[in-house]
Amino acid sequence: MSWLKAIFSKLLGLFVDDVGFAVAILGWVILAGLGLPRLGLPGHLPGLVLFVGLLGILMQSTVRRSRK
Amino acid sequence: MLNIDWGHAGPTMLAGFLASLVEFIEALTVVLAVGATRGWKGALGGTALAMLLLLAIVLALGPALVRIPLDVVQLGVGTLLLLFGMRWLRKAILRSAGVIALHDEAKLYREEVAELSRFARATQGWDTVAVATSFKITMVEGIEVVFIIVAMGAAGGGLLLPAAIGATAALVLVIGLGLALHKPVSMIPENALKFAVGVLLSAFGTFWIGEGLGMEWPGEDWSLLILAAGFLAAASVAVSMCRQQKETMR
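Definitions and limits used
Residues numbered from 1 in each chain as written. Chains lettered and ligands numbered in written order. Predicted model: local features only at pLDDT ≥ 70, side-chain atom pairs only at ≥ 80, totals over all residues. Helix = DSSP H or I, 4+ residues; strand = E, 2+ residues; numbered from the N terminus. Rg over C-alpha atoms; globule rule 2.2 N^0.38 Å. Buried ≥ 20, exposed ≤ 12 C-beta atoms within 10 Å, placed from the backbone. Contact = placed C-beta atoms within 7 Å. Nonpolar A, V, L, I, M, F, W, Y, C, P; charged D, E, K, R; others polar. Expected span 1.5 Å × (residues − 1). Core = buried A, V, L, I, M, F, W, Y, C linked by C-beta atoms within 7 Å. Axes fitted to C-alpha atoms, helices over the stretch in contact; angles between N-to-C directions. Parallel < 35°, antiparallel > 145°, perpendicular 65-115°, else oblique. Left-handed = near helix turned anticlockwise from the far one by under 90°. pLDDT = per-residue confidence, 0-100.

### Looking at the overall build of chain B
Piece 1. Check the secondary structure of chain B and you find 8 helices and 0 strands.
Piece 2. Counted from the first residue to the last, chain B has its helices and strands arranged as α-α-α-α-α-α-α-α.
Piece 3. Compactness check: chain B gives a C-alpha radius of gyration of 20 Å against a globular reference of 18 Å for 250 residues, within 12% of the reference.
Piece 4. Counting only C-alpha atoms and orienting by the principal axes, one finds that chain B spans roughly 65 × 55 × 25 Å.
Piece 5. For chain B, buried positions account for 53% of its 250 residues.
Piece 6. Within chain B, residue pairs in contact and separated by at least 24 positions form 88% of the contacts whose partners lie at least 6 positions apart.

### Digging into the interface of chain A and chain B
Accessible area lost on assembly of the parts is the figure often given for the size of an interface.
Piece 1. Facing the 29 residues of chain A at the interface are 39 residues of chain B.
Piece 2. Elements that contribute at least two residues to the side of chain A that touches chain B include exactly α1 (2-15), α2 (19-39) and α3 (45-66) of chain A.
Piece 3. Here the side of chain A that touches chain B is built from residues that sort into 18 nonpolar, 7 polar and 4 charged.

### Topic: α3(A)
Each α-helix turn comprises 3.6 residues. Residues three or four places apart therefore point the same way.
Piece 1. With 22 residues, α3(A) should reach 32 Å at 1.5 Å per residue; the first-to-last C-alpha distance of 32 Å fits that figure.
Piece 2. For α3(A), the set of buried residues is Pro46(A), Gly47(A), Leu50(A), Phe51(A), Leu54(A), Leu55(A), Leu58(A), Ser61(A), Thr62(A), Arg65(A) and Ser66(A).
Piece 3. At its buried positions, α3(A) is contacted by α2 of chain A together with α3 (70-96), α7 (190-212) and α8 (223-249) of chain B.

### Section: the nonpolar core
Piece 1. Membership of the largest hydrophobic core comes to 94 residues, with the highest contact counts inside it found for Leu89(B), Ile149(B) and Phe204(B).
Piece 2. Top contributing element to this core by residue count: helix α5 (residues 128-155) of chain B, with 18 residues.
Piece 3. Dropping the residues within four chain positions of it, Leu89(B) is found in contact with Leu58(A), Phe195(B), Gly198(B), Val199(B), Ser202(B), Phe231(B) and Ala235(B).

### With respect to the packing of α3(A) against α3(B)
Piece 1. Where α3(A) contacts α3(B), the axes come no closer than 10 Å and their chain directions differ by 40°. Taken together, α3(A) and α3(B) sit at an angle that is classed as oblique. The way α3(A) lies across α3(B) gives a crossing that is right-handed. Residues Leu58(A), Ser61(A), Thr62(A), Arg65(A) and Ser66(A) of α3(A) form the contact with α3(B), whose participating residues are Met86(B), Leu89(B), Arg90(B), Ile93(B) and Leu94(B).
Piece 2. Taken together, the residues of the contact of α3(A) with α3(B) sort by class into 5 nonpolar, 3 polar and 2 charged.

### A word on the confidence of the model for chain B
Residue and element names in this part refer to chain B.
Piece 1. Per-residue confidence for chain B averages 87 on the pLDDT scale, and 95% of its residues sit at or above 70.
Piece 2. In the model of chain B, helix α4 (residues 105-116) stands out as the element of lowest mean pLDDT, 85, in contrast to α8, which has the highest, 93.
Piece 3. Across the predicted assembly, pTM comes out at 0.84 and ipTM at 0.89.

### Some thoughts on the packing of helix α2 (residues 40-66) of chain B against α5(B)
Residues and elements named next belong to chain B.
Piece 1. Contact geometry for α2 and α5: axes closest at 8 Å, N-to-C directions at 20°. For the element pair α2 / α5, the angle class is roughly parallel. Once α2 is placed against α5, the crossing between them reads as right-handed.
Piece 2. Looking at the contact of α2 with α5, its residues break down into 20 nonpolar, 10 polar and no charged.

Written out as structure tokens, the structure reads:
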């Protein structure tokens, strides 16, 4: 059953490589989903805020990793 | 019948093709090592068995996900695609900047051949080591392809067919390369492929999360291109920043 174990760990590894990075993405998506509608931002702004936050997470995580 | 949105079909097919190409190349390396050291009967038998199981998963999951309300699927699958795409993109950035080592198919092939040569070969019938090794690698790499195809097919609202066509084209290409070369496909720039797939899947994931949350995107479907361009620009800047960071650490 080692192949089953390998597939399970591969399945988890599909989404999580660096735990902090995955948690930051999930946290931002949840925050954007719950918080942005309450702010009443006009038109395309909520989508833009979601997107810019994700870009920030990506850049911060890669630069932080390169310092190690 | 599948209701195909052809405005999304092209990018979906491309993402399915590129992502599957990366995974099939990785699987091919191990299957070739199995074939060369243990014989082709077991190598191809294990691969065929895994392919049938993967096809059954696609046929079971794809239509089942289409029955769930689209906004729920878009939010759930979009989040998974975003996690998946941004993980690939992060890794591709770090590899491009030289922070982590590039994936080396030739080295992987040599290691696999050395490992497989340690076991005695069966004199008759099926070689269980060959079947199990080929089955495992095809399942492990194929499950990523299945996820991408099913996720893109479901979240795009009936895009299973274009995503599957992209994956099938990649499979045909890799089988063709394997038959022609009889050695690992190391001339394809794997990190550049991963970079492109990471950009595309991150853009799709962000777009579908926004759709699932009821957000408006400027230009609607065309905003996918803007999102992809944004991820590409940010990733390129991140590569430069990581390189600089690495230089200053020396």
